[in-house]
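Per-entry structural report
Residues per chain, in single letters:
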2 protein chains.
Amino acid sequence: MTWQDRSDRIDHDGPVTVWQQVADDITADIESGELPPNSRLPSEVELAELYSIARGTVRRALLALVDAGTVTVVHGRGTFVAKR
Amino acid sequence: MTWQDRSDRIDHDGPVTVWQQVADDITADIESGELPPNSRLPSEVELAELYSIARGTVRRALLALVDAGTVTVVHGRGTFVAKR
DNA sequence: CCCGATTTGTGCGTATGTATC
DNA sequence: AGATACATACGCACAAATCGG
């Protein structure tokens, strides 16, 4: 899949936190099949740029996805869609 | 060109970010001709030592230079002055 | 062909300061 | 007061590409 700017998907004024919106956004792409199992996500820095948010916020979102079992993180390699 | 200690060129307390100062400093050397096209910059680790900053900050500065088209980075080889 | 050194790529964890809600 | 979020910056570890012996 092609990763373009996603800053327009984030509502900074609504009731939902930014990191939840990012987690939901990525989860949606995984469940729709656009992000197939074992495919790699952009790096934390790249995701921060794509969503125009801070890296710390990206990490919070990824933490939620890891807890949910939807992605797995490999030190030094990247973040991958879990095969389930 | 000779690469000596450059830690005195960085102001950690001013309004300009460290990575911006590094990017500007290297850009000046390129535009002055001291760093000719295709010449290789010190490694990220060496630059971090020369400026007495973190490698991550060096990478942030190099990212700006890449975006500006002044340098090109090659995985496993190094960072080179763009030929322009 | 393999091994080691070098270099960039990525992630982990943390800290500080600012601003907003 | 507290939580959220941004931006910056630090140090470290592991992975992958490249090149030389």
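Quick notes on the rules
Residues numbered from 1 in each chain as written. Chains lettered and ligands numbered in written order. Predicted model: local features only at pLDDT ≥ 70, side-chain atom pairs only at ≥ 80, totals over all residues. Heavy atoms only, no water. pLDDT = per-residue confidence, 0-100. Helix = DSSP H or I, 4+ residues; strand = E, 2+ residues; numbered from the N terminus. Near = heavy atom within 4 Å. Polar contact = N/O pair within 3.5 Å; in protein donor to acceptor, adjacent residues only side chain to side chain. Nonpolar A, V, L, I, M, F, W, Y, C, P; charged D, E, K, R; others polar. Buried < 20%, exposed > 50% of the residue type's maximum accessible area, 1.4 Å probe, protein only. Contact = heavy atoms within 4.5 Å. Axes fitted to C-alpha atoms, helices over the stretch in contact; angles between N-to-C directions. Parallel < 35°, antiparallel > 145°, perpendicular 65-115°, else oblique. Left-handed = near helix turned anticlockwise from the far one by under 90°. Salt bridge = Lys/Arg side-chain N within 4 Å of Asp/Glu carboxyl O.

Here we come to the confidence of the model for chain A. Interpretation of this model should avoid reading the predicted coordinates in detail wherever pLDDT is low. A residue-level look at chain A finds 99% of positions with pLDDT of 70 or above and a mean pLDDT of 88. Taken element by element, the predicted model of chain A shows its lowest mean pLDDT in strand β1 (residues 71-74) of chain A (87) and its highest in helix α1 (residues 18-31) of chain A (92).

The environment of DNA strand D is made up of 22 residues, and the closest members are V18, T57 and R77 of chain A together with V18 and T57 of chain B. The protein-proximal atoms of DNA strand D, defined as those within 4 Å of the protein, are 83% sugar or phosphate. Backbone polar atom of G76 of chain A to a sugar or linking oxygen of DNA strand D: 3.1 Å apart, as the coordinates give it. Of all the secondary-structure elements, those providing two or more residues to the surface near DNA strand D are α1 and α3 (55-68) of chain A together with α1 (18-31) and α3 (55-68) of chain B. Within the surface near DNA strand D, the residues separate by chemical class into eight nonpolar, 10 polar and four charged.

This part covers the side chain of S39 of chain A. Residues and elements named next belong to chain A. Along the chain, S39 falls in the loop between α1 and α2 (44-51). Assessed through its relative accessible area of 17%, S39 is described here as buried. Within polar-contact distance, the side chain of S39 engages the backbone oxygen of P36 at 2.5 Å. Aside from chain neighbours lying at most four places away, what touches S39 is T79, F80 and V81.

Here the focus is the protein's contact with DNA strand C. Close contacts around DNA strand C come from 24 residues, with S43, E44, R55 and V73 of chain A together with R55 of chain B the closest. One of the backbone N or O atoms of G76 of chain A is found 3.0 Å from a base nitrogen in DNA strand C. A distance of 3.2 Å separates a phosphate oxygen of DNA strand C from a polar atom in the side chain of R40 of chain B. Every element with two or more residues in the surface near DNA strand C is listed here: α3, β1 and β2 (78-81) of chain A together with α3, β1 (71-74) and β2 (78-81) of chain B.

So, about the packing of α1 of chain A against α3 of chain A. Residue and element names in this part refer to chain A. Direction vectors running N to C along α1 and α3 enclose 50°, while the axes themselves pass 8 Å from each other. With respect to each other, α1 and α3 are oriented oblique. For α1 against α3, the interelement crossing comes out right-handed. Between α1, through V18, W19, V22, A23, I26 and T27, and α3, the contact on the second element is made entirely by T57, R60, A61, A64 and L65. Tallied by class, residues from the contact of α1 with α3 come to eight nonpolar, two polar and one charged.

Looking now at the packing of α2 of chain A against α3 of chain A. Residue and element names in this part refer to chain A. Remark: α2 packs on α3, axes separated minimally by 9 Å, with the N-to-C direction vectors making an angle of 105°. Here α3 runs roughly perpendicular to α2, going by the angle between their axes. Residues E44, L47 and A48 of α2 touch α3, and the partners they reach there are R55, V58, R59 and L62. When grouped by side-chain class, the residues that make up the contact of α2 with α3 number four nonpolar, no polar and three charged.

Under the defined criterion, the tally for this structure stands at 11 salt bridges over all chains. The partner of R55 of chain A in a salt bridge is E44 of chain A, and the shortest N-O contact between them spans 2.9 Å. Highlighted residues: R55 of chain A in helix α3 and E44 of chain A in helix α2, separated in sequence by 11 residues. Take E44 of chain A: its relative accessible area is 23%, and that puts it in the partly exposed class. Here R6 of chain B makes a salt bridge to D29 of chain B, at a shortest N to O gap of 2.6 Å. With a gap of 23 residues between them, R6 of chain B in the segment before α1 and D29 of chain B in helix α1 connect regions that are remote in the sequence. Here R6 of chain B falls in the buried class, since its relative accessible area comes to 2%.

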